[in-house]
Each structure stands twice: as C-alpha cells, then as structure tokens.
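# Architecture at a glance
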Amino acid sequence: METKNIMIVGVGGQGSLLASKLLGHLLLSQGYDVKVSEVHGMSQRGGSVVTYVRYGDKVYSPVIDLGEADYIVSFEILEAARWLPYLKKGGVIVTNTQQIDPMPVITGAAEYPAGLVEKMTAAGAKVDALDCLALAEQAGSAKAVNIVLLGRLSHYFDAPEEAWQSSLEAIVPAKFLEMNKKAFALGKAAGAI
Amino acid sequence: MEERTARLTEYAETAPVNRIEWGDRKIGVITSSTSYQYTKEVFGDGCSVLKLGMVNPLPVRIIKEFAAHVEKLVVIEELDPIIENHCRALGLEVTGKDALPMIDEFSQNLIAKALTGKAAESVSLDCPIPPRPPVMCAGCPHRGLFYTLAKNKCTVLGDIGCYTLGAVAPLSAMEMTLCMGASVSALHGFNKAGGRDAEQKTVAVIGDSTFMHSGMTGLANIAYNQTNSTVIILDNSITGMTGHQQNPTTGFNLRGDPAGKIDLEALCRAMGFERVRVVDPYDLRQCDAVIKEELAAEAPSVIISRRPCALLKYVKHKAPVRVNPDKCRGCKSCMRIGCPAISMKNGKAVIDNTLCVGCGVCTQLCAFGAFESSDGEEK
Ligand SMILES: Cc1ncc(C[n+]2csc(CCOP(=O)(O)OP(=O)(O)O)c2C)c(N)n1
Ligand code: SF4
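Notes on the structure follow.

Moving on to the overall build of chain A. Helix and strand counts for chain A come out as 8 helices and 6 strands. Starting at the N terminus, the α and β elements of chain A follow one another as β-α-β-β-β-α-β-α-α-β-α-α-α-α. The principal-axis extents of the C-alpha atoms in chain A amount to approximately 45 × 35 × 35 Å. Residues counted as buried form 55% of the 193 residues belonging to chain A. Counting contacts in chain A only where the partners sit at least 6 residues apart, residues at least 24 apart contribute 65% of the total. Summed over its atoms, the accessible surface of chain A is roughly 7,700 Å², and 54% of this surface lies on carbon and sulfur atoms.

Okay, here's the thing in structure tokens:
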C-alpha cells in the first residue's frame, strides 16, 4: 500500500498531541508501518501547531510535504486554511468550525478571514466541517474536541469500531475515558460528508 | 590518537551502519541521517543508496566500490558539501551542491524537484492568513512585569525563555535577545558605554533557569566592575519554555526528587548586591514603584519578580473575571497586555472563560471598573 498522510493541525493547548498519539496507536494496531512526528513547540499555549502521521507498508520520511496530505484534521478553521497548501489534490479536510482569534487579530493588526469553508472548497478541497466544540461540551468537556474530531475522521478509515475503542482505552487516562468515549460517539454519529 | 584514527578508518569499512542498498543502478546516492529517509521516499528502489551511519572517518573503499557500480553518483547532504568534497578528493565525479541548496533543511519535495524535476502540486488561498505567533499564556506571571517595563519606556535587554515573548506586540518590551545569559553581560556593557543616562532606563530580564545557567557570571561582572545596573530575575520557579524542567532554584532535581535549593536573594547579596528586591508581577503598582526606585538608585540592584508559572499543576487559579458591558467603554486599555483571553467584540472587551485564570492583571488597567470577579468555578 502506498503511504498515506494525515496532518493534525491546531492551536497550542487544544490537545492535538493526544489525537496524534491515539491515531498512531490505532494505525499500529492495524498492522501498518507508522511514523508520527510531533513538532514540539514551547510550553506556552496559543501558537500554530502541527503533527504528521504517516502510515503504509513502509514509511520513510517522518514529515509531510506541500501537496502530500490525504487528510488534514484541523482543530480550528484558520489553521485548516493555513496548512491547506499541504493538502493533496482531492484531499479531505476534517475540521472543527471553531474560530480562535490569533494575537494579531486580537490587537487589530490583522483580520480574521471570512468564509473559509467556502474558500477552501472553491480551491478544490473536500471540506468536512463540524462544530466539534459544541459536541465536546455535550460530551462533558470542551477539552474533548480532539476526540470528537477523531470520531468524525473514523468514517474515512477501514479500521473496525473495536480497534478505535481499544485505542481510546489505551491512550486516554481512565478518569476521562467515559467522557471521551461519548465524545467519540458524538463525532462519529455526526456522519461524514 | 593517530593509531586510534587509523583503527576507526578501518572499522568504517566494515561497520554495519555503513551499508549499500542496491536498487536501480542508473543513479547511486550517497547520503546519511534524515536525508536518507527523504531519498528513499522520493526514489524507493529507483536508485541505489550508500547509507552512511558514520560520516567521519568516511569508508573510502566502500565509496569507491559503490561509485564504480552506478552510472551517476549523487551526494545528498544538508548544508556544507562535506561528503561531496571527500568524494571529489577521491577523484570521483559527483552531483551535489550543483543541484541541491547549501542552506536550510531538505524535504522530499525539494529533493524530488532538484533531481527529477517533479514535485507534488499544491493549492493555497488567495486571501491573507494572519500569523498565529505563540503568546504568553493567560495568567503568565511574566506579563505584568513586561507591561510595567513598556509603560516606563525602559530599554530591555532580553534573554532566552518564555519571557522572550515580551518582545512581541502589543507588549513590544524587548530590544535585544542574543543567547542564554547575554542579557546581564550586555546590560553591563550598555551601561559602561551609555553612562548614567543608560543606567536610569535600561534593564536586563532573565529567567530563573537561565540565570542559574549563565546569568551569574554577568552579575559577578557588574558587582566587580561596577555599573549601577538593574537586573530583573523572572523567577517563575521552573524552566517554562522547554517544558517544565526543575532547576537549581526550585528545590527539586530533574527526577522531581528533593534536592539542594539555591536561595536567589542570598546569592545576589553574597555577590555584592545590597539592593535585592522581590516583587509580585501580578501587582502592577508594586512593580512600577520598585522598578522606578531601582533604576533611580545609584547602586547596582537585582529585582526578583516572583510567581510560579501559570501552568504548574500546584498553582491554584481564581475564577475567570467578567466584563460588565455597561461599564466597559471600549477604551482598549486592557488590550495593552496582550492577554489571549481578552478580545474586543462589538466595541466591548470580552473574556474567554476557557482561557482566563482570574490573575487580575487586566482589572488593574481599567479606569471604569468594568471588570468584576465572577462567581464561576475556581480552577
Ligand atoms: C545554550 C542554550 N541551552 C539551552 C537552550 C534551550 N532553552 C531555551 S529556553 C531555556 C530556559 C528557559 O527557562 P527560564 O530562563 O527559567 O525561563 P522561562 O521559560 O521559565 O520563562 C532553555 C534551557 C538554549 N536556548 N540555549
Ligand atoms: S508556560 Fe508558564 S512561564 Fe511560560 S508563558 Fe506559560 S505561564 Fe508563562
């Protein structure tokens, strides 16, 4: 199988590292060769962050280059737009619709672009956008946005439901497991485009 | 040493880390480390590869043998042409920096484009995407101190850590950052050159961890060679930026076990500083008064700005603050601290409850008393 590429992008502090860990665990359990590279930033919250997940029969490069991503999983809509050049032609963007203003927007030095879903679609991306924050809150915590997104993403994979469940059990701390399972189910039930 | 090098050279010829992977022999690539991964990504078995796991000394016999069995020899290495030049010195004809850049990191696209002329296509939007630089966390203890330095129009010589973000707008309170420890030495130099004028407005800011690493030597210089410098140690009781490692001032070792604890005040006094002041950076009035006093003082001084990093597990936070929209006049005074939890919506300040930790720095900036402590949950 040719190597597949998933980029997980978001804002520092949104939980993208846990998402990539879980995805890596799931793909390993499916027998793939997997490489997960987290671009470790600083402790502080708030910067743009990216993680690369690559899987297939044999994966070489740890990073994903421009025009190579099969999927971009985005925690925030502006971040999806920022990393769009990494998407393969015809690739899918699974994104949270949440908007988080970056500092230049907060200070008024820049404007948050409007209509990003439409713009990305017009540029040729298949955009699967969902209000993950609302579903995460429904599941019990705003922090579960990452797991809602993975529930949504699960539609695009062959892996059976049990495999996702055991990866959740292996990666998510026991205290938060039930809540996260709920978040996963809500993301999944939202269906795919 | 010479004998050892000779033995190593011999070892390089047989070491399993230097290996040839035969594929198509039209192109033979000599490469190492991550460039190997990019090469395999681009060519797969479409070329032969000599993968060097050890690049010094180079395995001359293996290189010659490899070169003899491929049509075109290519060296793929980042930065300077080290392996390439060695190959040339062996009399081999190679492609290298004539096709590949001398600066920056490589990637699979870069190698594909340079050597095959093809690379993946990509699209981008034609609207500008605002950058998202990292910012100090909501509730970061560094914020109040930098606000005070900006307000007093100080010349701030910075150092390396979370507080380097004090340079970013809207705080914009740092004129220089070089390397760990440079702030203190630079301050002494600035003040020697600039005299009394410089002494009255210039400060060095340095984190507790960076101070222990290489700030003390500069401080000794100030004490010994005498300038009336003001050094501010930003003591957040941890190494914040690199992910919360302990340091010699915290009382714990890297494993988290109890360890020796260096007392910053005692240390500075022992080095000859008679003026050592401690401030709470959440208290803007206190910070302002102490900074003014120490800049004016005709003696060297150290100000320790002390409050633990807002992300430390043991730090208890207050409930988020709330803006009373009837009182907020949209003057944006509270926006000057660059807190990610505050933004303006429809001409009024609004607080992001998921971010705000109730530190109260913003509340001290509002002239209209628009901030109220909420009855929300403590964090
Ligand atoms: C010579 C050198 N070694 C290591 C580093 C990595 N590094 C970056 S910031 C930092 C320390 C930051 O700690 P501190 O000064 O306490 O500031 P904080 O981030 O806690 O605000 C280190 C060690 C570096 N930049 N330079
Ligand atoms: S990690 Fe700590 S010191 Fe660094 S910006 Fe955040 S609160 Fe400040």
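Moving on from the model shown.
Let's shift gears to the interface of chain B and chain A. Of the residues lining the interface, 43 residues belong to chain B; the matching set on chain A comes to 43 residues. Carbon and sulfur atoms make up 62% of the surface buried where chain B meets chain A, a total of about 3,500 Å² over both sides. It is Leu125(B), Pro130(B) and Arg132(B) in chain B that bury the most area against chain A; as a group they hold 22% of the surface buried on that side. The interface formed by chain B and chain A holds 5 salt bridges in total. Two residues, Arg132(B) and Glu79(A), come together in a salt bridge whose shortest N-O distance is 2.4 Å. Those elements that provide at least two residues to the side of chain B that touches chain A are helix H2 (33–43), helix H5 (108–116) and strand S11 (342–345) of chain B. A per-element tally of the side of chain B that touches chain A places H2(B) first, with 6 residues.

The subject of this paragraph is the pairing of strand S5 (residues 87–96) of chain A. Residues and elements named next belong to chain A. Buried residues dominate S5, accounting for 7 of its 10 residues. In this sheet, S5 lies alongside strand S4 (residues 69–74) in parallel orientation, the contact comprising 5 bridges. Following the sheet pairing, Val-73 is matched in S5 by Val-94. The sheet contact formed by S5 and strand S6 (residues 126–130) spans 5 bridges and is parallel. Bridge pairing links Thr-95 to Ala-129 in S6.

Another point: the nonpolar core. Counting 67 residues, the largest nonpolar core has Phe146(B), Leu149(B) and Val205(B) as its most contacted members. Counting contributing residues per domain, this core is built from domain 2 (142–306) and domain 3 (322–372) of chain B, each supplying no fewer than three. Once residues within four sequence positions are removed from consideration, Phe146(B) is found in contact with Met136(B), Val156(B), Tyr163(B), Gly166(B), Leu171(B), Ala173(B), Met174(B), Val205(B) and Leu234(B). In this structure, Ala139(A), Ala159(A), Trp164(A) and Val172(A) belong to the second largest nonpolar core, which totals 38 residues.

A separate point is the sheet that holds strand S9 (residues 301–306) of chain B. Residues and elements named next belong to chain B. With parallel pairing, the 5 strands of this open sheet are ordered in space as S5-S6-S7-S9-S8. Strands with a single pairing partner mark the edges of an open sheet, and in this sheet they are strand S5 (155–157) and strand S8 (275–279). Neighbour-to-neighbour, the strand axes of the sheet open up by a mean angle of 25°, direction not taken into account. Here 5 bridges tie strand S6 (residues 202–207) to strand S7 (residues 230–235), and the two strands are oriented parallel to one another. Bridge assignment links Val-205 to a residue of S7, and that residue is Ile-232. Set on the sheet, helix H10 (residues 284–296) makes contact with S6, S7, S8 and S9; between it and S8 the angle comes to about 165°.

Residue and element names in this part refer to chain A. Their axes nearest at 10 Å, the elements helix H7 (residues 161–171) and helix H8 (residues 177–189) cross at an angle of 145°. In the crossing of H7 with H8, the sense of the turn from one axis to the other is right-handed. Counted together, Glu-161, Trp-164, Gln-165, Leu-168 and Glu-169 of H7 and Leu-177, Lys-181, Phe-184 and Lys-188 of H8 form the full contact between these two elements. Taken together, the residues of the contact of H7 with H8 sort by class into 4 nonpolar, 1 polar and 4 charged.

Attention now moves to unusual backbone geometry. All names here are of chain B. Here the amide bond leading from Asn-56 into Pro-57 is cis, since omega sits at -5°, within 30 degrees of zero. One can find Pro-57 in the loop between strand S3 (48–52) and helix H3 (60–68). Note the cis peptide between Ala-169 and Pro-170, where omega equals 5°. When you line up the elements, Pro-170 lands in the loop between S5 and helix H7 (182–199). The phi dihedral of Ser-172 falls on the positive side, at around 45°, and the residue is not glycine. Non-glycine residue His-244 carries a positive phi angle of around 70°. For His-244, the location among the structural elements is in the loop between S7 and helix H9 (264–270). Among the residues examined, His-244 registers a relative accessible area of 27% and is labelled partly exposed.

With that settled, the discussion passes to the site of ligand 2. Taken together, 11 residues sit near ligand 2, with Cys137(B), Cys140(B), Cys162(B), Asn236(B) and Cys309(B) positioned nearest. Ligand 2 sits at the junction of chains A and B, each of which supplies nearby residues. Its residues assigned to classes, the shell around ligand 2 comprises 7 nonpolar, 4 polar and no charged.

Here is what the cut-offs are and how they apply
Residues numbered from 1 in each chain as written. Chains lettered and ligands numbered in written order. Predicted model: local features only at pLDDT ≥ 70, side-chain atom pairs only at ≥ 80, totals over all residues. Heavy atoms only, no water. Helix = DSSP H or I, 4+ residues; strand = E, 2+ residues; numbered from the N terminus. Buried < 20%, exposed > 50% of the residue type's maximum accessible area, 1.4 Å probe, protein only. Contact = heavy atoms within 4.5 Å. Areas by Shrake-Rupley, 256 points an atom, 1.4 Å probe, with all protein chains shown as cover. Buried area = accessible area lost by both parts, 1.4 Å probe. Salt bridge = Lys/Arg side-chain N within 4 Å of Asp/Glu carboxyl O. Pairing = 2+ DSSP bridges. Core = buried A, V, L, I, M, F, W, Y, C linked by side-chain atoms within 4.5 Å. Domains from an automatic or database assignment. Axes fitted to C-alpha atoms, helices over the stretch in contact; angles between N-to-C directions. Left-handed = near helix turned anticlockwise from the far one by under 90°. Nonpolar A, V, L, I, M, F, W, Y, C, P; charged D, E, K, R; others polar. Near = heavy atom within 4 Å.

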